[in-house]
Amino acid sequence: MASEDVKAARDSAVEKIVNLAEEAKLAREEIKPTSHAVLSICKSLVAGGVAGGVSRTAVAPLERLKILLQVQNPHNIKYNGTIQGLKYIWRTEGFKGLFKGNGTNCARIIPNSAVKFFSYEQASKGILYLYREQTGNEDAQLTPLLRLGAGACAGIIAMSATYPMDMVRGRLTVQTEKSPYQYRGMFHALSTVLREEGPRALYKGWTPSVIGVIPYVGLNFAVYESLKDWLVKTKPFGLVDDSELGVVTRLACGAAAGTVGQTVAYPLDVIRRRMQMVGWSHAASIVTGDGRSKAPLEYTGMIDAFRKTVKYEGVRALYKGLVPNSVKVVPSISIAFVAYEQVKDLLGVEIRISD
């Protein structure tokens, strides 16, 4: 009996050891794809951040001029067009004036772009999985409409995550040396708005931003990806070699995507920026008109902002700053997409070498 108990105990111990070995083996097999997934996520985040920072810095003077045109007091015009506006900034504020607010913009746009590109890839994978499950076709690909949905989801997530930084960036961008009160930087602006206007103020203009994200970001991704797929499949004019697009072709795709997106969503961007200026005590002179004219209008919400803007300034006011924005958005979006893919390719090469 004792020998049988010993044998049973030994068999039980052996069984436990075998089970532990099997579990360890399975764990090792699961760790490998998990580590690759984490590595892929890091690649997307880094590539998206670099793409956003590089593209925005390249067009920072045009970005600042666009915001100044959007929010300047209509009764005291200082900036009247792209060339005149850039010259005026250079003459009154110097070279540094062209890049005012760019540091805050980069601090915002790098995490924004990183989250946006990463969210788009994850949303695309999820939507494609559900689409294949629904259709029963394992080879199905995303349609332009599904890409639009993935792009819109990515844009809303990224914009909401970084919106307070965008709000204070707008105010930092429009203040000049003549402004009665100076924000000393992004963190000082955030703390001042929180103290004087409350936490809700950090999300002023959020509603038109969310609505504008759907056509802007959604169409950007949808048009860009659809153009890429069409060029790879049809290979028109010999633009594609071995199913790969060249840098110039990718720039053209990004330019087309940016133009479509920004044109459709631009009025919402104007309203968003104006709502961000509401409630700003000691506001920048560009908003108040240097005190020599009527004070800026107050808005109770998005609809009220649309109504008052059209009533007092006409429909054309909804497109103030469109010219510098059009000049800016084409290279900005193009550089962002190309930089994103180039950095991802670069990181992919390094990862394969290290393996």
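This text goes with the structure placed above it.
Predicted, not measured: the structure shown is a model, and the values here were computed from it. Counting restarts for each chain, with residues numbered from 1 along the sequence as it is written. For a predicted model such as this one, the threshold for reporting local features is a pLDDT of at least 70, and the threshold for listing and counting side-chain atom pairs is 80 or more; totals across whole chains, interfaces and linings nevertheless cover every residue. Side-chain figures throughout are based on the complete set of non-hydrogen atoms in the structure, without hydrogens or water.

**Observations regarding the overall build of the protein chain**
Heads up, the condition is: In this description a helix means any DSSP run of H or I spanning at least four residues, a strand means any run of E spanning at least two, and both kinds are numbered starting from the N terminus. Any pair of residues with heavy atoms lying within 4.5 Å of one another is described as a contacting pair. Only the protein chains shown count as cover for residues, and the accessible areas themselves come from Shrake-Rupley with a 1.4 Å probe.
Helices and strands together make up the secondary structure of the protein chain, namely 11 helices and 2 strands. Taken from the N to the C terminus, the helices and strands of the protein chain come in the order α-α-α-α-α-α-α-β-β-α-α-α-α. Within the protein chain, contacts between residues separated by at least 24 positions form 78% of all contacts whose residues are at least 6 apart in sequence. A total accessible area of about 18500 Å² is found for the protein chain, and carbon and sulfur atoms account for 64% of it.

**Regarding helix α5 (residues 144–174)**
For the record, the criterion: Between the first and last residue of a helix there are one fewer steps than residues, each counted as 1.5 Å, and that sum is the expected span. Throughout, the bend at a residue refers to the angle made by two axes, fitted to the seven residues ending there and to the seven starting there.
When the terminal C-alpha atoms of α5 are compared, their 38 Å separation across 31 residues is substantially less than the 45 Å that a helix rising 1.5 Å per residue should span. Helix geometry: α5 is bent most strongly at Tyr 163, by close to 65 degrees, with proline Pro 164 lying one to four residues after it.

**Some thoughts on the nonpolar core**
Across soluble globular proteins, nonpolar side chains have a tendency to be buried as a group. Rule in force here: We define the nonpolar core as a collection of buried residues of types Ala, Val, Leu, Ile, Met, Phe, Trp, Tyr and Cys that are connected through side-chain atoms lying within 4.5 Å of one another. Here's how the labels work: a residue is buried when its accessible area is under 20% of the maximum for its type, exposed when over 50%, partly exposed in between, all with a 1.4 Å probe on protein chains only.
Formed by 51 residues in total, the largest nonpolar core has its most connected members in Tyr 79, Val 168, Val 174, Val 193, Trp 280, Ile 286 and Val 287. Dropping the residues within four chain positions of it, Val 174 is found in contact with Arg 64, Ile 67, Leu 68, Val 71, Met 277, Trp 280, Ala 284, Ile 286 and Val 287. Formed by 8 residues, the second largest nonpolar core is a distinct cluster that contains Leu 268, Val 278, Met 302 and Leu 318.

**Quick look at the packing of aromatic side chains**
To be explicit about the condition: Pairing of aromatic side chains here covers Phe, Tyr and the six-membered ring of Trp, requires ring centres within 6.5 Å, and sorts the geometry by plane angle: under 30 degrees stacked, over 60 edge-to-face, intermediate tilted.
The full count for this structure, using the stated rule, is 7 aromatic pairs. Aromatic pair Phe 117 and Tyr 340: ring centres 4.0 Å apart, planes at 15 degrees, arrangement stacked. Here Tyr 340 lies in helix α11 (residues 322–354) and Phe 117 lies in helix α4 (residues 102–135), a separation of 223 residues in the sequence. No difference in accessibility class separates Phe 117 from Tyr 340, as the two residues are buried. Taken together, the ring pairs connect Trp 90, Phe 95 and Phe 99 into an aromatic cluster.

**Remarks on the pattern of salt bridges**
To keep things clear, this is the line we draw: Salt bridges are defined by distance alone: a side-chain nitrogen of Lys or Arg within 4 Å of a carboxyl oxygen of Asp or Glu.
Taken as a whole and judged by the stated rule, the model has 19 salt bridges. Notably, a salt bridge pairs Asp 304 with Arg 307, separated by 2.8 Å at the nearest N-O pair. Linking Asp 304 with Arg 307, this pair stays in helix α10 (residues 302–313), spanning 3 residues, or about one helical turn. Ionic contacts of the salt-bridge type, sharing partners, join the residues Glu 63, Lys 66, Arg 108, Asp 166, Arg 169, Asp 269, Arg 272, Arg 273 and Lys 328 into one network.

**So, helix α3 (residues 82–98)**
Taking 1.5 Å per residue as the helical rise, α3 with its 17 residues ought to reach 24 Å, whereas the 13 Å between its terminal C-alpha atoms falls clearly short. Buried within α3 are the following residues: Thr 82, Gly 85, Tyr 88, Ile 89, Glu 93, Gly 97 and Leu 98.

**Some points on the side chain of Ser 119**
Convention followed: Polar contact is defined as a pair of N or O atoms within 3.5 Å, subject to the rule that within protein one atom must be able to donate a hydrogen and the other to accept it, and that residues adjacent in sequence are counted only when both atoms are side-chain atoms.
Assignment of secondary structure puts Ser 119 in helix α4. A polar contact of 2.6 Å, which involves the side chain of Ser 119, links it to the backbone oxygen of Val 115.

**Observations concerning the side chain of Arg 274**
Structurally, Arg 274 is set in helix α8 (residues 247–277). Within the structure, Arg 274 has its side chain in polar contact with the backbone oxygen of Gln 70 (distance 2.9 Å). Those residues in contact with Arg 274, other than ones at most four positions away along the chain, are Gln 70, Val 71, Tyr 299, Thr 309, Glu 313 and Lys 320.

**Some words on the environment of Met 159**
Mapping Met 159 onto the fold places it in helix α5. Residues Met 159 and Val 210 lie 51 residues apart in sequence; the distance between their C-alpha atoms is 7.8 Å. In contact with Met 159, other than residues within four places in its own chain, are Asn 112, Trp 206, Ser 209, Val 210 and Val 213.

**Details of empty space enclosed by the protein**
Definition in use: In this analysis the probe radius is 1.4 Å and the grid spacing 1 Å, with only protein atoms considered; a cavity is a set of points the probe fits into but cannot get out of, a pocket is an open set with protein on both sides within 12 Å along at least five of seven lines, and lining residues have an atom within 4 Å of a point. Grid points are joined across faces, edges and corners, and a volume is the space filled by probe spheres set on the points. As a working rule, the residues Ala, Val, Leu, Ile, Met, Phe, Trp, Tyr, Cys and Pro are called nonpolar, Asp, Glu, Lys and Arg charged, and the rest polar, with Gly in that last group.
Following the criterion strictly, the structure yields 3 cavities of 30 Å³ or more and no others. Taken as a whole, the largest cavity encloses approximately 680 Å³ of empty space. Secondary-structure elements contributing two or more residues to the lining of the largest cavity are α1 (2–58), α2 (60–71), α4, α5, α7 (206–234), α8 and α11. Here the residues of the lining of the largest cavity sort into 16 nonpolar, 12 polar and 11 charged. Ala 60, Glu 63, Arg 64, Ile 67, Phe 99, Lys 100, Gly 101, Asn 102, Asn 105, Arg 169 and Thr 173 together form the lining of the second largest cavity. When residues of the lining of the second largest cavity are traced back to their parent elements, those giving at least two are α2, α4 and α5. When residues in the lining of the second largest cavity are grouped by element, the largest group, 4 residues, is from α2. Its residues assigned to classes, the lining of the second largest cavity comprises 3 nonpolar, 4 polar and 4 charged.

**Observations regarding the layout of surface pockets**
Considered as a void within the structure, the largest pocket measures approximately 730 Å³ in volume. Surrounding the largest pocket, 26 residues form its lining, Tyr 120, Glu 121, Glu 225, Lys 228 and Glu 341 being those nearest its centre. Elements supplying a minimum of two residues to the lining of the largest pocket: α4, α7, β2 (244–245) and α11. When residues in the lining of the largest pocket are grouped by element, the largest group, 7 residues, is from α7. For the lining of the largest pocket, a count of residues per class yields 10 nonpolar, 4 polar and 12 charged.

**What to know about a nonpolar patch on the surface**
Heads up, the rule is: Like-charged residues within 9 Å of one another, or nonpolar side chains (Val, Leu, Ile, Met, Phe, Trp, Tyr) within 5 Å, are grouped into patches, provided each residue has over 30% relative accessible area and no salt bridge.
Judged by side-chain polarity, Val 46, Val 50 and Val 54 come together as a nonpolar surface patch covering roughly 210 Å² of accessible area. For Val 50, the position within the fold is in helix α1.

**So, the packing of α2 against α5**
The criterion, for reference: To obtain an axis, a line is fitted to C-alpha atoms, over the contacting stretch when the element is a helix, and the angle between two such axes runs from 0 to 180 degrees between their N-to-C directions. Between 65 and 115 degrees an angle is taken as roughly perpendicular, under 35 as roughly parallel, over 145 as roughly antiparallel, and anywhere else as oblique.
Relative orientation of the contacting elements α2 and α5 amounts to 90 degrees, with a least axis distance of 9 Å. What the angle tells us is that α2 and α5 run roughly perpendicular. Between α2, through Glu 63, Arg 64, Ile 67, Leu 68 and Val 71, and α5, the contact on the second element is made entirely by Arg 169, Gly 170, Thr 173 and Val 174. The residue inventory of the contact of α2 with α5, partitioned by class, reads 4 nonpolar, 2 polar and 3 charged.

Read these as geometric descriptors, not functional statements.
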